[in-house]
Amino acid sequence: FNEYEKILKKYNSFYKIKKNTDIMLKAEGKIGLLILMEGADPIRKPEDLEYFYKKGLRVLGLTWNKENNYGFGTDKFGPLKKDGYKLIEHMNAKKITLDLSHLSYESFWGAINTTKLIPIASHSNSYFLRRHKRNLTASQLKAISNKGGTCGLVLYNNFISRKTTVSIDDLFY
């Protein structure tokens with residue numbers, strides 16, 4: 001967060017997005033920064049979320065492939081943990097968007113069924129196109145869509161295809 005603050009102070013071409021109306025700003029020549037934390041490990045307990053919210057956190061992914069206090073990442077199988085449910089409740093209250101990328105299949109379902117906000121998967125590809133543990137199944141993608149959410153692609157060759165040379169055409173079926 002200190003690095004983001006340095007960027008915002010040093011370069012006047014950026015501004016911090018803190019609320020929905022900030023996204024709509026038509027600031028001449030300015031680029032909005034939406035602060036996302038990939039993996040909630042720095043949040044020691046759900047109540048600590050307030051500190052990060054004040055720093056500008058607006059999107060939070062619970063894990064980064066590994067297991068932590070909140071759930072299981074794609075490197076392990078396991079459900080959302082008790083503190084994961086509590087953290088999402090705090091996120092709901094603060095209107096912090098849930099990023100479902102990097103969650104295990106089981107933790108994903110606990111998380112998406114707990115959020116009251118529109119969830120996203122900021123960087124997750126389709127399991128249908130490439131059977132990889134980091135990619136989302138059709139039922140997961142549909143669940144995100146059914147809640148009004150969206151998914152961003154991750155342009156990492158191994159998540160797209162088994163081929164050694166990958167092109168943008170490999171992302172489409």
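Preceding block: the structure.
As the structure is a computational prediction, the values presented were derived from the model and not from experiment.

### A short note on the packing of helix H5 (residues 105-112) against helix H6 (residues 138-146)
Two elements in contact, H5 and H6, have axes separated by 11 Å at closest approach and are oriented at 15°. The orientation of H5 with respect to H6, classified from their angle, is roughly parallel. Read as a crossing pair, H5 and H6 show a hand that is left-handed. Side by side, H5 and H6 meet where Tyr-105, Phe-108, Trp-109 and Ile-112 of the first sit next to Ser-139, Gln-140, Ala-143 and Ile-144 of the second.

### Re the packing of aromatic side chains
Enumeration over the complete set of coordinates arrives at 7 aromatic pairs. Taken together, a centroid distance of 5.1 Å and an interplanar angle of 85° make the contact between Tyr-51 and Phe-52 edge-to-face. According to the relative accessible area criterion, Tyr-51 is partly exposed, its value standing at 49%. With 6.0 Å between their ring centres and 75° between their planes, Tyr-105 and Trp-109 make a pair best called edge-to-face.

### Things to note about the pattern of salt bridges
In this structure the tally under the stated criterion is 11 salt bridges. A salt bridge links Glu-3 to Lys-6; the shortest N-O distance between them is 3.2 Å. In this pair, Glu-3 and Lys-6 are both assigned in helix H1 (residues 2-10), 3 residues apart and thus about one turn of the helix distant. In this structure, Asp-48 and Lys-45 form a salt bridge, with 3.4 Å as the shortest nitrogen-oxygen distance. Put simply, Lys-66, Asp-75 and Lys-133 are held in one network by salt bridges that share partners.

### What about the side chain of His-102?
The residue His-102 is located in the loop between strand S5 (97-99) and H5 in this model. Note on His-102: relative accessible area 6%, which makes it buried. Discounting chain neighbours no more than four positions away, the residues touching His-102 are Glu-38, Thr-63, Trp-64, Asn-65, Phe-72, Gly-73, Thr-74, His-123 and Arg-134.

How each quantity is defined
Residues numbered from 1 in each chain as written. Predicted model: local features only at pLDDT ≥ 70, side-chain atom pairs only at ≥ 80, totals over all residues. Heavy atoms only, no water. Axes fitted to C-alpha atoms, helices over the stretch in contact; angles between N-to-C directions. Helix = DSSP H or I, 4+ residues; strand = E, 2+ residues; numbered from the N terminus. Parallel < 35°, antiparallel > 145°, perpendicular 65-115°, else oblique. Left-handed = near helix turned anticlockwise from the far one by under 90°. Contact = heavy atoms within 4.5 Å. Phe/Tyr/Trp six-rings, centres within 6.5 Å; stacked < 30°, edge-to-face > 60°. Buried < 20%, exposed > 50% of the residue type's maximum accessible area, 1.4 Å probe, protein only. Salt bridge = Lys/Arg side-chain N within 4 Å of Asp/Glu carboxyl O.

Functional significance is not addressed by these values, which are geometric in nature.
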